[in-house]
Amino acid sequence: MLLPLPLTDTYDYLDDEGGLQAGDIVEVPFGPRQLAGVVIGKGTGNMPASRLRKVIRRFDVPRLPAVSLRFMTWIASYTVTPPGAVLRMFISVPAALRAPPRTAACVLTNDPLPETFRMTAARRRVIDLMTDSPPRSLGEIAAEAGVTQGVVRGMFALAVLQLRSLPTEHRFPVPDPDTPRSMVLNAQQQDAVNRLTETVNTGGFTVTVIDGVTGAGKTEVYFEAIAETLRLGRQVLVLLPEIALSAPFLDRFDARFGTRPTEWHSELTPPRRRRTWRGVATGNIRVLVGARSALFLPFPDLGLIIVDEEHEAAFKQTDGVSYQGRDMAIVRARLGEIPAILVSATLSLETVTNVEQGRYTRVSLPARHGSAGLPDVTAIDMRRDGPARGRWIAPALDRAVTETLKRGEQTLFFLNRRGYAPLTLCRKCGHRIECPNCSAWLVEHRLSLQLQCHHCGHASQRPNTCPECETADSLVASGPGVERLAEEVNDRYPDARVHIASSDTLSGPSNAAAFVHSVQAGEVDIIIGTQVVAKGHHFPLLTTVGVVDADLGLAGGDLRAAERTYQLLHQVAGRAGREQRSGHVYLQTHQTETPVMQALVSWDRDGFLRAESDARKASDMPPFGRLVAFVISATDPKPADDAALVLARTAPRFTDVQVLGPAPAPLARLRGRYRLRFLLKAKRGVNVQRIVRDWLALLKLPPSVRVSIDVDPYSFL
């Protein structure tokens, strides 16, 4: 028995009634508690049956598929995580294990019609509907038979219909793969569709990469692979990196398949999560669109996995079990022997390397759909042509926006920084207001009148005096966020309709959908947005994009800083000129000579990736080498320091392995815990998981100290 606890051990229980099988989800006693667990096989037999505690009950849900159990084991081994912690992700909705609430539903009686029964056209429609039909509610019968509810109640009074108490099972939409598509595919798209549908029909594990420029119609192409999978009667999983991307996707899916797919993300209400988990487990959900956690739902007949925007760092999970959702999707497809499709206009270096080494197959869409062309990109050198002091919009960008507004077209100002200002400081003593829990500055948010920490969530009111020198009215905002940029935009273009789009203003799919629809309807002239507007959106009137601080992502020494900056700004640039109107993009930068800016201006993605690949290969960095990050943390600095010294003394020493650290983490304190980092660097073929397990087995740490492990880290904070 495996229990959803951060433990490596399994536990034996007595199957008093017999018949339990691997994958069954059961309730068992564990100390004073009762927990849900999963049967993974026969017991060890090391304890006499008289000492075993009994399984309380088997939950009335389908057992976890065998492929889910294999997937669970693989994740635990690869991430060096206790299997019980991984199990929690697979049974993450405890309410779904219990029987759904019961409701009254109507059925036809088998008795002869009473002599007093007078057949009418309305009653005949009800009888025809309910003959050999599943139970329906009174309202459903009236609606589907086209009669009043009074007709149905009259048939109850005559005992022609009767009520039954039945479990309430939600009916999920069934996408129709044969709904006529409105979009006419060009020759390149049709060739891609033919290759994908052939892969689906052939079956087996494959990875196909749809590599297409922004606006090339990649989504419409993989929709046809979804349609073919549905014709085969199998389930489909589509992974999206962010909830904000779901609004336009859902609209396009509805247009192609006649209904929306089922969703899975953190914004779902508890009842909807319960219904969705059970709907997947029973096979009633045919297409599910979700965030990375959707990978762990118990699909009994999954036939295709699609990872859209596969390059996105949002697919990386860092809290709890650390995993890369894109990579785990490939593993799930391999274990299930099904096709996987990766989609992006800015492929990750890992995916490009797998294509070049023959592990993945590439399908290219090098041109935008229809008559639209790629926008022109201009780098504005802020060292020569920057704005006046206290302003953020350079003169060249200002002129372009003014002309755009005159033409009745839309502009996007992109600044990947939420709030009003990233720093509040005292102009008298220089004190900077920091988070009390983290070694990070508090970000000023004037819309909510708060100072917030974007790491731990701490929030407080902006003080009137400096906390250090107590000088009144001495605090000033330093640097721009989207809210501060909006002040300048409103001042420069007073007649323009302006909308701020960030995770603060687009919380939840409904708000994101309302924003998208208002922009598409021409109700917005200027968008001021963070990365939530950088990808997945199609705004026909948007022709000018201004990146206010193109250098923002290049600071910090992150391994993937240049790659991430290129991907993000490429995606932002791709919002401009997506239909007949030509687009133009302006990058405000202090580093026009860097490879990133040069590649963006010339749309030379492949050249940029070649240079990035050569640099990584020369230093044995991913994807040509292996990394494992360790973070040692404690609420007091001394236990963390002591644990780091112990870890350093026992560090592995092999020819192809290098251990860097300990060193204070860039965020030396996070959520009240002091943090130190190690980084294990190894050649590609080294089994880093085995090295890590052997290394940690030597440790005897106090309970106050935590060691978190991240195989293949993406964040170095």
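These figures come from a predicted structure and were not determined experimentally.

Our focus in this paragraph is the overall build of the chain. Each helix and strand in the chain was counted, giving 20 helices and 29 strands. Since a compact globule built from 717 residues should have a radius of gyration of about 27 Å, the 29 Å found for the chain is in line with a globular shape. Seen through its principal axes, the chain has C-alpha atoms that stretch 95 × 70 × 60 Å. In the chain, which comprises 717 residues, the share counted as buried stands at 52%. Per element, the accessible surface of the chain, about 32100 Å² overall, is 50% carbon and sulfur. When the 85 basic and 75 acidic side-chain charges of the chain are each reduced to a single mean position, those positions are 4 Å apart.

So, on to the sheet that holds strand β24 (residues 542–547). An order of β15-β25-β24-β16-β23-β22 is seen for the six strands of this open sheet, with the pairing classed as parallel. Of all strands in the sheet, those with a lone pairing partner are β15 (376–381) and β22 (498–501), marking the two edges. Here the average twist between neighbouring strands, direction ignored, is 20°. As paired strands, strand β16 (residues 410–414) and β24 are joined by five bridges and run parallel to one another. If you follow F413 over to β24, its bridge partner there is G546. The strands that helix α14 (residues 482–492) touches are β16, β22 and β23 (526–529); relative to β23, the one it contacts most, it runs at about 155°.

To continue, consider the sheet that holds strand β13 (residues 339–344). Within the open sheet, the seven strands sit side by side as β8-β9-β7-β10-β13-β6-β14. Their pairing is parallel. In this open sheet, the two edge strands, each paired with only one partner strand, are β8 (262–264) and β14 (361–365). This sheet shows a mean twist of 20° between the axes of neighbouring strands, independent of strand direction. Sheet analysis places β8 next to strand β9 (residues 287–290), joined by three bridges and oriented parallel. Residue E263 lies in a different strand from β9, and its bridge partner there is V289. Each of β6 (206–212), β7 (235–239), β10 (302–308) and β13 touches helix α10 (residues 325–336); the most contacted strand, β10, lies at about 160° to it.

For the coordinates displayed, the defined rule picks out one cavity of 30 Å³ or more. The volume enclosed by the largest cavity comes to roughly 80 Å³. Lining the largest cavity are L240, E242, I243, S246, E263, W264, H265, V289, G290 and A291. Those elements giving two or more residues to the lining of the largest cavity turn out to be β8 and β9. For the lining of the largest cavity, the class distribution of residues is five nonpolar, three polar and two charged.

Before going further, it helps to spend a moment on the pattern of salt bridges. Within the structure shown, the criterion is met by 42 salt bridges. For the salt bridge of D211 with R362, the shortest nitrogen-to-oxygen distance reads 2.8 Å. Placement of D211 in strand β6 and of R362 in strand β14 is noted, with a sequence separation of 151 residues between them. A relative accessible area of 9% means that D211 is categorised as buried. Each of R391, D398, E488, D491 and R492 takes part in salt bridges that share partners, so that together they form one network.

Of note, K681 is situated in strand β28 (residues 673–683). It turns out K681 is buried and unbridged, and the closest side chain with the opposite charge, D620, is 4.8 Å from it. Polar contacts involving the side chain of K681 include one to the main-chain carbonyl oxygen of S619, which spans 3.0 Å. In contact with K681, not counting residues within four places along its chain, are S619, D620, M621, R626, L627, D656, V657 and Q658.

Glancing now at the pairing of β28. For β28, a buried count of nine out of eleven residues is recorded, marking the element as mostly surrounded by other parts of the structure. Inspection of the sheet shows strand β26 (residues 625–634) paired to β28 by ten bridges, in the antiparallel sense. Bridging from a neighbouring strand, A629 pairs with L679 of β28. Bridge analysis of strand β27 (residues 657–670) against β28 gives eight bridges, and the strand direction is antiparallel. Looking at β28, one finds that P664 is bridged to L676. Where β27 folds back on β28, the antiparallel hairpin that results is connected by two residues, among which R671 adopts a positive phi of roughly 55°.

Position of P82 relative to the elements: it lies in the loop between α1 (66–79) and α2 (83–90). By relative accessible area, which is 24% here, P82 ends up partly exposed. Residues P82 and P4, spaced 78 residues apart in sequence, show a C-alpha to C-alpha distance of 9.6 Å. In contact with P82, not counting residues within four places along its chain, are P6, L7 and T8.

A few words now on the nonpolar core. Of all hydrophobic cores here, the largest spans 92 residues; its most connected members are I25, F71, W277, L288 and F515. If you look at the next biggest cluster of nonpolar residues, it comprises 30 residues, including V213, V238, V289 and L304.

When you line up the elements, R286 lands in the loop between α9 (270–282) and β9. Within the buried set, R286 has no salt-bridge partner at all; the shortest N-O distance to an opposite charge, 4.9 Å, is to D301. Among the polar contacts listed, one links the side chain of R286 to the backbone oxygen of G283, at a separation of 2.7 Å. Those residues in contact with R286 that sit more than four places away from it in its chain are P175, L230, G233, R234, Q235 and V236.

Put plainly, a disulfide is one covalent bond tying together the sulfur atoms of two cysteines. Scanning the entire structure with this criterion turns up zero disulfides. A disulfide-free cysteine, C426 has its sulfur positioned 3.7 Å from the sulfur of C469, the nearest such atom. What makes C426 buried here is its relative accessible area of 1%. In this structure C429 is a free cysteine whose sulfur lies 3.7 Å from that of C466, the closest cysteine sulfur available. Given the relative accessible area of 38%, C429 is considered partly exposed.

Conventions used here
- One numbering rule holds for all chains: residues counted from 1, following each sequence as written.
- Note on the predicted model: pLDDT of at least 70 is required for a residue's local features to be given, and 80 or more for side-chain atom pairs to be given and counted; whole-chain, interface and lining totals, by contrast, use all residues.
- Hydrogens are left out, water is left out, and the side-chain values use all remaining heavy atoms of the structure.
- Working definition: helices are DSSP H or I runs of at least four residues, strands are E runs of at least two. Numbering for both runs from the N terminus.
- Both definitions apply: the radius of gyration is a C-alpha atom measure, and the globule rule equals 2.2 Å times residues to the power 0.38.
- Exposure categories follow from relative accessible area, calculated using a 1.4 Å probe and restricted to protein chains: below 20% of the type maximum is buried, above 50% is exposed, and the middle band is partly exposed.
- Every accessible area reported is derived by Shrake-Rupley at a probe size of 1.4 Å, with residue values counting cover from the shown protein chains alone.
- Charged residues are defined narrowly, with Lys and Arg counted positive, Asp and Glu counted negative, and His plus the chain ends left uncounted.
- Where a charge lies is defined by one atom per residue type: Lys uses NZ, Arg uses CZ, Asp uses CG and Glu uses CD.
- Strand pairing follows a simple DSSP-based rule, namely that at least 2 bridges must link the two strands.
- The axes used here are C-alpha line fits, helices contributing only the stretch in contact, and every angle between their N-to-C directions lies in the interval 0 to 180 degrees.
- We call two residues in contact whenever any of their non-hydrogen atoms come within 4.5 Å of each other.
- The method works on a 1 Å grid over the protein atoms by themselves. A cavity is a set of points holding a 1.4 Å probe that cannot get out, a pocket is an open set with protein on both sides within 12 Å along at least five of seven lines, and residues with an atom within 4 Å of a point line them.
- Grid points are joined across faces, edges and corners, and a volume is the space filled by probe spheres set on the points.
- Note on residue classes: Ala, Val, Leu, Ile, Met, Phe, Trp, Tyr, Cys and Pro are nonpolar, Asp, Glu, Lys and Arg are charged, and everything else, Gly too, is polar.
- A side-chain nitrogen of Lys or Arg and a carboxyl oxygen of Asp or Glu constitute a salt bridge if their distance falls within 4 Å.
- Polar contacts here mean pairs of N or O atoms no more than 3.5 Å apart (in protein, one a potential hydrogen donor and the other a potential acceptor; neighbouring residues in sequence count only if both atoms are side-chain atoms).
- Throughout, nonpolar core names a set of buried Ala, Val, Leu, Ile, Met, Phe, Trp, Tyr and Cys residues whose side chains join them through atoms within 4.5 Å.
- In what follows, a disulfide is any cysteine sulfur pair within 2.5 Å.

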